Amino acid sequence: MEKEKKENRRSAAEELTRYLAPRMRTVAEARKHLEEKLYDESEIRETLQRFLDLKYLDDSDYVRAYCEYAFGKRRGSTRIRSELRNKGIESETIQNGIDDYMYENRVDECALARLVAEKTLARAERPLEQKSVARVARKLEQMGYGSSVIIRILEEIKE
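Residues numbered from 1 in each chain as written. Predicted model: local features only at pLDDT ≥ 70, side-chain atom pairs only at ≥ 80, totals over all residues. Heavy atoms only, no water.

### Structural notes on the pattern of salt bridges
Step number 1: According to the stated counting rule, one finds twelve salt bridges in the structure shown.
Step number 2: For the salt bridge of Glu 15 with Arg 10, the shortest nitrogen-to-oxygen distance reads 2.8 Å.
Step number 3: Judged by relative accessible area, which is 34%, Arg 10 ranks as partly exposed. (Salt bridge = Lys/Arg side-chain N within 4 Å of Asp/Glu carboxyl O. Buried < 20%, exposed > 50% of the residue type's maximum accessible area, 1.4 Å probe, protein only.)

The structure is reproduced here in structure tokens:
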């Protein structure tokens, strides 16, 4: 019975191909998936290396694609960094990817934060109450903007 299961089982490469078909994944996500499917460590290592060599797995490309998605949703770099770290990507790869993306696409985090603040304040009465300003601060923090950006935006909207 055990031998029959092994013969019908997909190879690690076939399993990983099926796993990667719907969307991009990180190396850590791919490793975890193969480990959960109980493949041997040597087969996992060999398969991952083959997929890395073929560029089917590339954490740098993943970071760039994720930055495009997340900045498009007006998320801040702090949140993006945290989300990518949770996906198992190395800090240096994350930092380089975010810096490159922001430079190449001229991403202005303050401008994005300003848009979030304006949307949050769309129905607020003027002059702004402290409650409205606090709401903006919470929203910007939730969206992943750093304290320097939040302080700058709060100073702008108080004027």
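### With respect to the packing of aromatic side chains
For any pair of aromatic rings, the description consists of the separation of the ring centres together with the inter-plane angle of the planes.
Step number 1: Inspection of every chain in the model, using the stated rule, returns four aromatic pairs.
Step number 2: Judged by centre distance (5.6 Å) and plane angle (70°), the ring pair of Phe 51 and Tyr 56 falls under edge-to-face.
Step number 3: Of the residues examined, Phe 51 reaches a relative accessible area of 5% and is grouped as buried.
Step number 4: Ring plane angle 5° and centroid distance 5.7 Å describe the contact between Phe 71 and Tyr 101, whose orientation is recorded as stacked. Of this pair, Phe 71 sits in helix H5 (residues 59-72) while Tyr 101 is found in helix H7 (residues 91-104), placing the two residues 30 residues apart along the sequence. The same class applies to Phe 71 and to Tyr 101, which are both buried.
Step number 5: Members of the aromatic cluster, connected to one another through ring pairs, are Tyr 62, Tyr 66 and Tyr 69. (Phe/Tyr/Trp six-rings, centres within 6.5 Å; stacked < 30°, edge-to-face > 60°. Helix = DSSP H or I, 4+ residues; strand = E, 2+ residues; numbered from the N terminus.)

### So, the nonpolar core
Step number 1: Core analysis: the largest hydrophobic core is formed by 30 residues, its most contacted members being Cys 67, Phe 71, Ile 80, Leu 84, Ile 98, Leu 140 and Tyr 145.
Step number 2: Secondary-structure elements contributing two or more residues to this core are H5, helix H6 (77-86), H7, helix H8 (109-120), helix H9 (130-142) and helix H10 (147-158).
Step number 3: Tallying contributions element by element places H5 first for this core, with six residues.
Step number 4: Once residues within four sequence positions are removed from consideration, Leu 84 is found in contact with Tyr 62, Val 63, Tyr 66, Ile 89 and Ile 94.
Step number 5: Grouped together as the second largest cluster of nonpolar side chains are twelve residues, Ala 13, Leu 16, Leu 34 and Leu 48 included. (Core = buried A, V, L, I, M, F, W, Y, C linked by side-chain atoms within 4.5 Å. Contact = heavy atoms within 4.5 Å.)

### Details of the packing of H8 against H10
Helix-helix packing is described using two parameters, namely the angle between the two axes and the distance between the axes.
Step number 1: Where H8 meets H10, the axes come as close as 10 Å, and the angle between the chain directions of the two elements is 55°. Judged by the angle between their axes, H8 and H10 are oblique. Classified by chirality, the crossing of H10 by H8 is right-handed. Residue-level inspection shows Glu 109, Cys 110, Ala 113, Arg 114 and Ala 117 of H8 in contact with H10, the latter providing Val 149, Arg 152, Ile 153 and Glu 156. (Axes fitted to C-alpha atoms, helices over the stretch in contact; angles between N-to-C directions. Parallel < 35°, antiparallel > 145°, perpendicular 65-115°, else oblique. Left-handed = near helix turned anticlockwise from the far one by under 90°.)

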